[in-house]
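Take a look at the letters that make up each chain.
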Amino acid sequence: MILIQRPRTKSCRTTRKAHNIMLTAWASGAVVFPGLFYGLGKLLKFKFRHWDDADVVTVSERLVSAIHASISTATGITVVSSCKNVITDSHWLVNEFVLFGSSYMLTDLFAMYLSHYHIKRLRCASNLHNRHSQQTMKAFLAKDWLLVLHHLALILVFMPIVLVRIYCLALSVMNTHVASYQFYRRGLGDFFLGCFFITEFSTPFLCFGKILIQLGLDNSRLHRINGMLVLLTFFTCRILIFPFMYWMYARQVNIPLHRVAFHLPWHCNAGNLTIFAPQVYWFYLLLKKAKRLYDKQRKVN
């Protein structure tokens, strides 16, 4: 029996190349973010010998978050500035960064749990927090359930919507079977994904503020200035970014701004509302904290 091997088509080669690029992006993130967290922990432990495990883990987590947020913001600005048509234009960075950043979400969940565990072990005399257990995990989930839900939603919902490919077999003009694919979102909306990446712009300031508290500088002028930057960047990049996206869509399709919500599919509005609601809640918490610090400072003066 003679086996005849069908020659590879250009489409097949392109598909395999795309797979290799995406696998490389995911593998890079899987090395970079856990490696940063581990390496920074070792460096901080060596530099600040008087710090306990809770201090080291917490600051390492904040630094990795700030690095990821900076990369995300730079990626978002690059994508947004390159998309002239906000609906159909695409940029290769979107898919690669989603895969690269997915490992950060898992690393951050692990770091958040470790930080919670070490803090509880220091503050509580109970033996329940002397080792990892179901109780410590439940306490962590009860305390940070919204952040955990946010991270899991990005991994289990956001990433598949951006990346899931639907494979099909189609007949070409030469009557040969070729594998073709399309994205679930049909390659549309990279501009808006870039806007979502930019929402991370406030994260470095949030992390820097918590590091200042860790260093005992919570009453310093630097901490107050950073607090104002947190409120400004959070409101601009996590609240105002949503009406900005609707406004850009309205300009593109030439309709009034108030008609955009009725022009979009219902699931787009539902998705935006699901992402927008926690941002409003977190901004409310930031305002409460800012007012509490302002009242404390005024009493001191």
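Quantities reported herein were computed from a predicted structural model and do not represent experimental measurements.

Scoring rules and cut-offs
Residues numbered from 1 in each chain as written. Predicted model: local features only at pLDDT ≥ 70, side-chain atom pairs only at ≥ 80, totals over all residues. Heavy atoms only, no water. 1 Å grid on protein atoms, 1.4 Å probe; cavity = no way out; pocket = protein on both sides within 12 Å on 5 of 7 lines; lining within 4 Å. Points joined across faces, edges and corners; volume = space filled by probe spheres on them. Nonpolar A, V, L, I, M, F, W, Y, C, P; charged D, E, K, R; others polar. Helix = DSSP H or I, 4+ residues; strand = E, 2+ residues; numbered from the N terminus. Axes fitted to C-alpha atoms, helices over the stretch in contact; angles between N-to-C directions. Parallel < 35°, antiparallel > 145°, perpendicular 65-115°, else oblique. Left-handed = near helix turned anticlockwise from the far one by under 90°. Contact = heavy atoms within 4.5 Å. Buried < 20%, exposed > 50% of the residue type's maximum accessible area, 1.4 Å probe, protein only. Expected span 1.5 Å × (residues − 1). Bend = angle between axes of the 7 residues up to and from the residue. Patch = residues over 30% accessible without salt bridge, like charges linked within 9 Å, V, L, I, M, F, W, Y side chains within 5 Å. Areas by Shrake-Rupley, 256 points an atom, 1.4 Å probe, with all protein chains shown as cover. Salt bridge = Lys/Arg side-chain N within 4 Å of Asp/Glu carboxyl O. Lys, Arg positive; Asp, Glu negative; His and termini not counted. Charge placed at Lys NZ, Arg CZ, Asp CG, Glu CD.

Peer 1: Could you give an account of the layout of surface pockets, with specific residues and numbers?
Peer 2: Taken as a whole, the second largest pocket spans an internal volume of roughly 1700 Å³. Forming the boundary of the second largest pocket are 50 residues, of which Phe 158, Ile 161, Leu 193, Phe 196 and Ile 275 lie nearest the centre. For the lining of the second largest pocket, the residue count by class is 33 nonpolar, 13 polar and four charged.

Peer 1: So what's going on with the environment of Arg 62? Which residues, and what values?
Peer 2: Positionally, Arg 62 belongs in helix H2 (residues 53–82). It is 5.1 Å that separates the C-alpha atoms of Arg 62 and Cys 207, two residues lying 145 residues apart in sequence.

Peer 1: Can you tell me about the packing of H2 against helix H6 (residues 190–198), naming the residues and giving the values?
Peer 2: Running from N to C, H2 and H6 point in directions that differ by 150 degrees, and their axes come no closer than 7 Å. Here H6 runs roughly antiparallel to H2, going by the angle between their axes. Where H2 crosses over H6, the handedness of that crossing is left-handed. Between H2 and H6, the contacting residues are Ser 72, Thr 73, Thr 75, Gly 76, Ile 77, Val 79 and Val 80 on the first element and Asp 190, Phe 191, Gly 194, Cys 195, Phe 197 and Ile 198 on the second. Along the lines of polarity and charge, the residues of the contact of H2 with H6 split into seven nonpolar, five polar and one charged.

Peer 1: Break down the environment of Ala 290 for me, citing the residues and quoting the values.
Peer 2: As for its position among the elements, Ala 290 is in helix H11 (residues 266–300). The exposure class assigned to Ala 290 is partly exposed, which follows from its relative accessible area of 28%. As a C-alpha pair, Ala 290 and Arg 224 span 66 residues in sequence and 9.1 Å in three-dimensional space.

Peer 1: Please set out helix H5 (residues 145–163) residue by residue, giving values where relevant.
Peer 2: Between its first and last C-alpha atoms H5 spans 26 Å; for 19 residues at 1.5 Å apiece the expected length is 27 Å, and the two agree. A bend of about 35 degrees at Leu 154 is the largest found in H5. Leu 146, Val 148, His 151, Ile 155, Phe 158, Val 162 and Leu 163 are the residues of H5 that are buried.

Peer 1: A description of the side chain of Ser 102 should follow, citing residues and the corresponding values.
Peer 2: Topologically, Ser 102 is positioned in helix H3 (residues 93–123). Discounting chain neighbours no more than four positions away, the residues touching Ser 102 are Trp 26, Ile 155 and Met 159.

Peer 1: Can you lay out a positive patch on the surface for me, pointing to particular residues and giving the numbers?
Peer 2: Taken together, the side chains of Lys 210, Lys 288, Lys 289 and Arg 292 define a basic patch exposed on the protein surface. Broken down by element, the residue count for the positive patch peaks at three residues, all from H11. You can see Lys 289 is positioned in helix H11. When its relative accessible area of 32% is taken as the criterion, Lys 289 is described as partly exposed.

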